[in-house]
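Fold and contact review
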There are 2 protein chains.
Amino acid sequence: MSNPPLLQQLIAALRCLPGVGAKSAQRMAYHLLERDREGGRHLAGLLTASMDRIGHCTRCRTLSETELCNLCDNPHRDPSILCIVETPADLMIIEQAIDYRGGYFVLGGRLSPLDGIGPREIGLEQLDQRFAEGVVREIILATNPTVEGEATAQYIHDMARARGIKTTRIAQGVPMGGELEYVDGATLAHAFHERSEI
Amino acid sequence: MSNPPLLQQLIAALRCLPGVGAKSAQRMAYHLLERDREGGRHLAGLLTASMDRIGHCTRCRTLSETELCNLCDNPHRDPSILCIVETPADLMIIEQAIDYRGGYFVLGGRLSPLDGIGPREIGLEQLDQRFAEGVVREIILATNPTVEGEATAQYIHDMARARGIKTTRIAQGVPMGGELEYVDGATLAHAFHERSEI
């Protein structure tokens, strides 16, 4: 036979999931086939529906199955504060961790001119239109503390300043619960420089 | 809305995979939606096809999409030796690890009278018919070295003896590359008892 058996194809396909290697994929395939075929069918249906029907919110650009996501559509969120993140996953992490009641804007990446990712690719024209509406009074820059994330934050900060909007950046320093021994030097240097009086 | 959003349903469905908790499921869903929708659709198709079309080989009872699996259908395998395992995953592990050229019989479980799993449930009537064909001359018992696995091995050994078939059991002892310090007492005691001259 020219095609590998279906079971081998299934094991190979499971490896498209992040963090799943050959052994885990094998274990998953056997588990579904021997103990949970209903679960496997249910997952297949939701995968198909999700890949087809989940798009992006036209206002904040996060993943959404409706034109406006349920955060943008929520009248109880404060539209004068806008938190700017790189990915929908970052948005969800913030929603789960803290009691933030403002809005979001999802870049879907970060500025990286060498990879051809400019302001347009990460939605900054749309963001500037949002600034122009005159409702946003503060933006919270929550891009990643990487070189590209910082450059992106700086770029957006300049955009906001031109519109007279206040910009804040999430604090950087040693992570809570971490041990100094395992913190990298750059973080430690930054934490010393930005120390605050108690 | 009464139904949770599709994204939440997808994350919940991914948790039917073994070893996948809330965090991993979330990461998988975002990864597929943002970077690999094609992979997600491909996986969905293979899941559906596999759950529907993969059944069991009528001869050795392992997972197979054809009536006879490609091991039972292979004329180059020696039909006089039969390795008896608990699950299709065990069969695959043996196939991958060693150069075994005989046949297999998959029990699909182990004797456990309290759970209502008797000889019929693990295919021992079918196995006895196979013994009765007169081709099998040796069985290799590769059930797990657990209480139920041992009881199952003993039961099958008695069946084989009644048919005049030689029985062997895979060796038990300290695992290769392991350290004695981490080996459990029962294994160590068995390894001492079964020591061989060098």
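Scroll up to find the structure.
This report concerns the structure included in the present document. Since this is a predicted model, take the numbers as computed values, not measurements.

Cut-off values and rules
- Residues numbered from 1 in each chain as written.
- Chains lettered and ligands numbered in written order.
- Predicted model: local features only at pLDDT ≥ 70, side-chain atom pairs only at ≥ 80, totals over all residues.
- Heavy atoms only, no water.
- Helix = DSSP H or I, 4+ residues; strand = E, 2+ residues; numbered from the N terminus.
- Least-squares fit on C-alpha atoms with pLDDT ≥ 70 in both.
- Contact = heavy atoms within 4.5 Å.
- Pairing = 2+ DSSP bridges.
- Axes fitted to C-alpha atoms, helices over the stretch in contact; angles between N-to-C directions.
- Buried area = accessible area lost by both parts, 1.4 Å probe.
- Salt bridge = Lys/Arg side-chain N within 4 Å of Asp/Glu carboxyl O.
- Polar contact = N/O pair within 3.5 Å; in protein donor to acceptor, adjacent residues only side chain to side chain.
- Nonpolar A, V, L, I, M, F, W, Y, C, P; charged D, E, K, R; others polar.
- Buried < 20%, exposed > 50% of the residue type's maximum accessible area, 1.4 Å probe, protein only.
- Phe/Tyr/Trp six-rings, centres within 6.5 Å; stacked < 30°, edge-to-face > 60°.
- Lys, Arg positive; Asp, Glu negative; His and termini not counted.
- Right-handed = clockwise from strand over helix to strand, strands pointing away.

Attention shifts here to unusual backbone geometry. Residues other than glycine seldom take positive phi values, yet R61 of chain A does so here, at roughly 70 degrees. Here R61 of chain A is to be found in the loop between β1 (55-56) and β2 (63-64).

Glancing now at the relation of the copies chain A and chain B. For the pair chain A and chain B, the relating rotation is 180 degrees, the translation along its axis is 0.0 Å, and the fit reaches an RMSD of 0.1 Å. Here the two chains are linked by the operation of a two-fold rotation axis. No C-alpha of chain A lies nearer the rotation axis than that of A44 of chain A, which sits 2.1 Å from it. A shared binding surface is used by both copies, with 100% of the interface residues of chain A retained as interface residues in chain B.

On to the sheet that holds strand β6 (residues 166-169) of chain A. Residues and elements named next belong to chain A. Taken in spatial order, the four strands of this open sheet run β4-β3-β5-β6, and their pairing is parallel. Each end of this open sheet is capped by a strand with a single partner; those strands are β4 (102-106) and β6. Going from strand to strand, the sheet's axes swing by 25 degrees on average, the running direction of each strand aside. Where strand β3 (residues 78-85) and strand β5 (residues 138-141) come together, four bridges link them in parallel fashion. Across the sheet, residue L82 finds its bridge partner in β5, namely I139.

Each partner contributes residues to the interface: chain A has 49 residues there, and chain B has 49 residues. For chain A, the biggest contributors to the area lost against chain B are L6, P18 and M51 of chain A; these three give 15% of the whole. On inspection of chain A and its partner chain B, the count reaches two salt bridges. Close ionic contact of D52 of chain B with R41 of chain A constitutes a salt bridge, the shortest N to O distance being 2.9 Å. Summed over the shared surface of chain A and chain B, the number is twelve residue pairs in polar contact (both at pLDDT 80 or more). Mapped by element, the contributors of at least two residues to the side of chain A that touches chain B are α1 (6-14), α2 (22-35), α3 (37-53) and α4 (88-97) of chain A. At 15 residues, α3 of chain A tops the list of elements feeding residues into the side of chain A that touches chain B. Classifying every residue of the side of chain A that touches chain B gives 27 nonpolar, 14 polar and eight charged.

Let us now look at the environment of L32 of chain A. By secondary structure assignment, the location of L32 of chain A is in helix α2. Taking C-alpha positions, L32 of chain A is 42 Å from H76 of chain A, a pair spaced 44 residues apart along the chain. For L32 of chain A, the residues in contact, after removing those within four places along its chain, are R37 and G40 of chain A together with C16, L17, L47 and M51 of chain B.

As a further point, take the pattern of salt bridges. Taken as a whole and judged by the stated rule, the model has 22 salt bridges over all chains. Residues R110 of chain A and E86 of chain A are paired through a salt bridge, measuring 3.1 Å at the closest nitrogen-oxygen approach. A residue pair is termed long-range when its members are at least 10 positions apart, and R110 of chain A in the loop between β4 and α5 (124-132) and E86 of chain A in the loop between β3 and α4 qualify at 24 residues. The class for R110 of chain A is partly exposed, based on a relative accessible area of 29%. For E86 of chain A, a relative accessible area of 2% translates into the label buried. Across the pair E150 of chain B and R169 of chain B runs a salt bridge, and its minimum N-O distance is 3.2 Å. Remark: R169 of chain B occurs in strand β6 (residues 166-169) and E150 of chain B occurs in helix α6 (residues 147-162); sequence separation between them is 19 residues. A relative accessible area of 31% means that E150 of chain B is categorised as partly exposed. Residue classification places R169 of chain B among the partly exposed positions, given a relative accessible area of 25%.

All names here are of chain B. Strand order in this open sheet of four strands is β4-β3-β5-β6, and the pairing throughout is parallel. Two strands bound the open sheet, and with one partner strand each, they are β4 (102-106) and β6. On average, each strand axis in the sheet is tilted by 25 degrees relative to the strand beside it, whichever way the strands run.

This paragraph deals with the packing of aromatic side chains. Residue and element names in this part refer to chain A. For the structure shown, the criterion picks out two aromatic pairs over all chains. Taking the centre distance of 5.2 Å and the plane angle of 70 degrees together, the rings of Y100 and Y104 count as edge-to-face. In this structure Y100 comes out as buried when scored by relative accessible area, which is 11%.

Once that is clear, we can look at the side chain of D90 of chain B. Residues and elements named next belong to chain B. Locating D90 in the fold gives a position in helix α4 (residues 88-97). Here D90 sits buried without a salt bridge, and the closest side chain of opposite charge, R110, lies 7.2 Å off (N-O distance). Sequence-distant contacts of D90, that is, excluding residues within four places in its chain, are made with V85 and N144.

Turning to the environment of E150 of chain B, a few remarks are in order. Residues and elements named next belong to chain B. C-alpha of E150 to C-alpha of L107: the two residues are 43 residues apart in sequence and 13 Å apart in space. When sequence neighbours within four positions are dropped, the list of residues in contact with E150 reads N144, P145, R169 and Q172. A distance of 2.7 Å separates a polar atom in the side chain of E150 from a polar atom in the side chain of Q172.

Turning our eyes to something else, we now look at the pairing of strand β3 (residues 78-85) of chain B. Residues and elements named next belong to chain B. For β3 and β4, the ladder comprises five bridges, and the chain directions are parallel. Across the sheet, the residue bridging to C83 is Y104, located in β4. Crossover β3 to β4 through α4 is right-handed.

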